[in-house]
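Each chain, written out:
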Amino acid sequence: MDFAYTPHEETFRQELRTWLAANPPAGYDPETFLYLDQEARFVIQLSWQKQLYRAGWVGIHWPKAYGGRGATVMEQTIYRQEMVRARMPEVANFMGIRIAGPTLIHWGTEEQKRRYIPTILNGEEIWCQGYSEPGAGSDIASLQTRAVEEGDHFVIAGQKVWTSYAQYARYCLLLARTDPTAPKHKGISCFIVDMQTPGITVRPLRQINGDTEFNEVFFDNVHVPKANLIGEKNQGWQVTLTTLMFERVTFDVLSPVEAVIEQLIEVVKVGTPGALAVHVDTSERQQEARFYTELQAIKYSSLRQLTRQLQGNPPGPESSLVKLAASELNMRVVQFATALLGQTGQVVSKSEPGIDGGYWMHCALSTHLYTIAGGTSEIQRTILGERVLNLPKG
Ligand SMILES: Cc1cc2nc3c(=O)[nH]c(=O)nc-3n(C[C@H](O)[C@H](O)[C@H](O)COP(=O)(O)OP(=O)(O)OC[C@H]3O[C@@H](n4cnc5c(N)ncnc54)[C@H](O)[C@@H]3O)c2cc1C
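On a predicted model such as this, the values are computed, not experimentally measured, just so you know.

With that settled, the discussion passes to the nonpolar core. Membership of the largest hydrophobic core comes to 65 residues, with the highest contact counts inside it found for Leu-52, Trp-127, Ile-156, Phe-191 and Val-193. Broken down by element, this core gets its largest block of residues, seven residues, from helix α4 (residues 94-107). Beyond its immediate stretch of four places on either side in the chain, Val-193 contacts Ile-156, Arg-170, Tyr-171, Cys-172, Leu-174, Ile-200, Phe-219 and Val-224.

Take the packing of aromatic side chains next. The geometry of an aromatic ring pair is captured by the separation of the ring centres together with the interplanar angle, meaning the angle of the planes. Using the criterion set out here, one finds 16 aromatic pairs in the structure. With a centroid separation of 5.0 Å and an interplanar angle of 70°, the aromatic rings of Tyr-28 and Phe-33 are classed as edge-to-face. Like Tyr-28, the residue Phe-33 is buried in the burial classification. Taking 5.8 Å as the distance between ring centres and 70° as the angle between the ring planes, the aromatic pair formed by Phe-42 and Tyr-165 counts as edge-to-face. In this pair, Phe-42 sits in helix α2 (residues 38-54) while Tyr-165 sits in the loop between β3 (153-160) and β4 (171-177), placing the two residues 123 residues apart along the sequence. The exposure class of Phe-42 is buried, given its relative accessible area of 9%.

Together, Met-1, Phe-3, Tyr-300 and Leu-310 line one region of the surface with nonpolar side chains, adding up to about 440 Å² of accessible area. Among the secondary structure elements, Met-1 is positioned in the segment before α1 (7-22). Classification of Met-1 as partly exposed rests on a relative accessible area of 47%.

Rules and cut-offs
Residues numbered from 1 in each chain as written. Predicted model: local features only at pLDDT ≥ 70, side-chain atom pairs only at ≥ 80, totals over all residues. Heavy atoms only, no water. Core = buried A, V, L, I, M, F, W, Y, C linked by side-chain atoms within 4.5 Å. Buried < 20%, exposed > 50% of the residue type's maximum accessible area, 1.4 Å probe, protein only. Helix = DSSP H or I, 4+ residues; strand = E, 2+ residues; numbered from the N terminus. Contact = heavy atoms within 4.5 Å. Phe/Tyr/Trp six-rings, centres within 6.5 Å; stacked < 30°, edge-to-face > 60°. Patch = residues over 30% accessible without salt bridge, like charges linked within 9 Å, V, L, I, M, F, W, Y side chains within 5 Å. Areas by Shrake-Rupley, 256 points an atom, 1.4 Å probe, with all protein chains shown as cover. Salt bridge = Lys/Arg side-chain N within 4 Å of Asp/Glu carboxyl O.

Here you go:
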């Protein structure tokens, strides 16, 4: 692999860096962002998406024909690096940008693309992903939500869970079973569901960190027009494989751990104003160095993944390696930081006197999500055991 960036890539980086410096998100301060409640953060994220959109910085990996920037894989990597470096917030319609939009571009009819793509990009219509169910997460093909054909529509009944941002969403990319007699992967279809249709109930789930990012969503005989089918009836599994491929590539586990290690280095180097007692001696510094070294190893593995992409290959088992190692490292770093920072590190956001805007406690309460979302650590270990180490199936 060539580790140097081309002049063109450096120009791209500089252009983005300059733009970010001149156009910070309105009302956003990384030091206090986590003190805000979720609604206030959502307002900032939405206005940030619109701001980025106006300047052509949303959907950068989407084809230009659909309003994206047509960025190369390397430019996407640089984009991610710069967003982390500048501590920028996530856009409000992250599910639409990362998952629903690319799925529609790949599988949607021309009419569906014309109708939904522009408002995904500009943030006017938020999307959520209705795949997981109480009995179908790791094994998504076991889903039980039914869609029965009736005249010119389907009638959907069942329950989804973990549906991120469903409370803000206008549309849901939904999987439902359309042929209960077929083998489980073959009887599934994918739908665009208008969340304002009668019969839909969204119940936010309060998480330990105080947020209600995800929801339970109930479908009580919800009528969905046939025109809202994505792909053919019973072709939902193929559509899902495309979606999950985008999710694997765009679900970013590296940025959070990079950010947390950077923050910890600052604490170890200069201390944290407001901390009651941060005692840093040789052993803490050595531990920090070990974390940093591990991070470099993971970053180089992620570059192997990048090389595959650059060569036009689908994501390989390296993505499982990076997902597993980065999310587990994140958890260990946060546990170490919590012990190091003592009492003031444990002050939750929105309380005073916290340190680093309540960052550390928010991290401590949120770190597990990375080991679950996008495929649990156990599932990643199974993939690595079977596909990399060629171990016998358990
Ligand atoms: C923050 C967050 C946001 C999410 N957002 C969404 C969303 O917007 N839309 C959506 O559809 N889903 C979403 N998810 C759901 C996510 O995809 C699932 O949580 C994940 O796939 C695991 O499924 P599950 O929770 O049902 O756990 P299960 O699959 O029930 O697993 C329970 C436990 O058993 C283990 N296990 C399961 N199968 C095996 C096996 N074969 N071998 C070994 N161990 C196994 C798992 O590792 C886990 O520890 C989100 C999750 C999180 C954490």
